[in-house]
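# Observations on the model geometry
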Amino acid sequence: MKMGKMAAAVGSAVTLAVEPGEDAFRKLFRFYRQSRPGTADLGGVIDFSAAHAGRGAGPSAHKVVRSQLSVSSVSEHNAHRAGLQPVSKWQAYGLEGYPGFIFISNPFLPGYQWHWVKQCLKLYSQKPNVCNLDKHMTKEETQDLWEQSKEFLRYKDVNKRRPRSLLEKLRWVTLGYHYNWDTKKYSADHYTPFPSDLAFLSEQVATACGFQGFQAEAGILNYYHFDSTLGIHVDKSELDHSKPLLSFSFGQSAIFLLGGLKRDEAPTAMFMHSGDIMVMSGFSRLLNHAVPRVLPDLTGESLPRCLEAPLPAVLPTDAVVEPCSVEDWQVCASYLKTARVNVTVRQVLATDQNFPLEPVEEKKRDITTEGCCHLDDKNSQVKRARLNPDN
């Protein structure tokens, strides 16, 4: 099914006219960037959590279809080890016109998101992983962003204007094969060990979606605030496009736009809530997509309700999930009141594939000094002036 190019319906009360050849994606990106929560502006955004609750998914619900998962491929024990419900209980959806796209509505067990949020803020932000702050600070200054920020965050007043802590200035972190924002490439000589817990989680999700043998080799963590956006782009730097791209969301909700192969095709808008997982494979693997807006939790609470339940005191003996102290969660909760974290995990190389040889001058480029932020917001220290937002 091909999406219409002449007009794009973005809500029950809003229709934006699009001329032939016009950048329909950019037009809708700007519309949602300036949209007003609580009005008809968001009436056409698909809400998969509403479909899960039996309330439909909004005016575009006719596009929503159920996705079949490989239930028997992941044992309940392995799912539990990663903090996930049994695959048989997952609510997975697809969209007509987007083959290969799977949306899993928060399959995490109650409390288990705490671990993944803590890892994103406390562990994955540490050296030797690479982050946007490396361009402006020494390795010693960015050695432990959590320790430098935790007291500041525990006692912050969200209504009081003050300088942001280092953790709040974090915009992106790269894991495994470190993505070079300038060359838009990965390389063998810019690699640090990929976190084993995140690799296990990713492999269980990929297997449940039919991708046996998926290997988590690279990760990009984006840290959003209410003024953050993610520009229109295509993730095509991985050498093997037959493997899926996995996306995990935690914290405040956001609007995600999934478009076509060209920018004149109007995108479909959907909410991403805390705990939601998206899998892009096949045809959908190389489609334009973007995040024009981060929104407060739609229930009106300061934190999404799914984050209220604590991590269980007793965990499986071989769980990859670790306990989270009350003090650590206070820091995480304070941060997430005005932020969200998105983790994308990719397999870069096909089995037995190697990186192509690069010219000598190419290999000398230093990712830590030349990196440029993929995420943009009004207060970011690292702007994307030198980076074409359309990869």
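If you're wondering where the values come from, they're calculated on a predicted model, not measured in any experiment. (Residues numbered from 1 in each chain as written. Predicted model: local features only at pLDDT ≥ 70, side-chain atom pairs only at ≥ 80, totals over all residues. Heavy atoms only, no water.)

## Comments concerning helix α5 (residues 145-154)
For α5, the set of buried residues is L145, W146, S149 and L153. Axial view of α5: buried residues confined to an arc of 85°, hence all on one face. Where α5 is buried, its residues meet α4 (113-123), α6 (166-169) and α8 (326-336). (Buried < 20%, exposed > 50% of the residue type's maximum accessible area, 1.4 Å probe, protein only. Helix = DSSP H or I, 4+ residues; strand = E, 2+ residues; numbered from the N terminus. Arc of directions from axis to C-beta. Contact = heavy atoms within 4.5 Å.)

## Thoughts on a nonpolar patch on the surface
Together, L261, F283 and L286 line one region of the surface with nonpolar side chains, adding up to about 260 Å² of accessible area. As for its position among the elements, L261 is in the loop between β11 (253-258) and β12 (268-272). (Patch = residues over 30% accessible without salt bridge, like charges linked within 9 Å, V, L, I, M, F, W, Y side chains within 5 Å. Areas by Shrake-Rupley, 256 points an atom, 1.4 Å probe, with all protein chains shown as cover. Salt bridge = Lys/Arg side-chain N within 4 Å of Asp/Glu carboxyl O.)

## A closer look at the confidence of the model for the protein chain
Predicted confidence across the protein chain gives a mean pLDDT of 84, with 80% of residues reaching 70 or more. In this model residues 362-373 is a low-confidence stretch, pLDDT under 50, and it forms 34 contacts with partners more than four residues away in sequence or in other chains. The model gives residues 379-391 a pLDDT under 50, and that stretch makes 44 contacts with residues more than four places away or in other chains. (pLDDT = per-residue confidence, 0-100.)

## Points about the environment of L245
When you line up the elements, L245 lands in strand β10 (residues 245-251). Along the primary structure L245 and S284 are separated by 39 residues, whereas in three dimensions their C-alpha atoms are 9.6 Å apart. Other than its neighbours up to four places away in sequence, L245 contacts D235, M278, V279, M280, R285, T344, V345 and R346.

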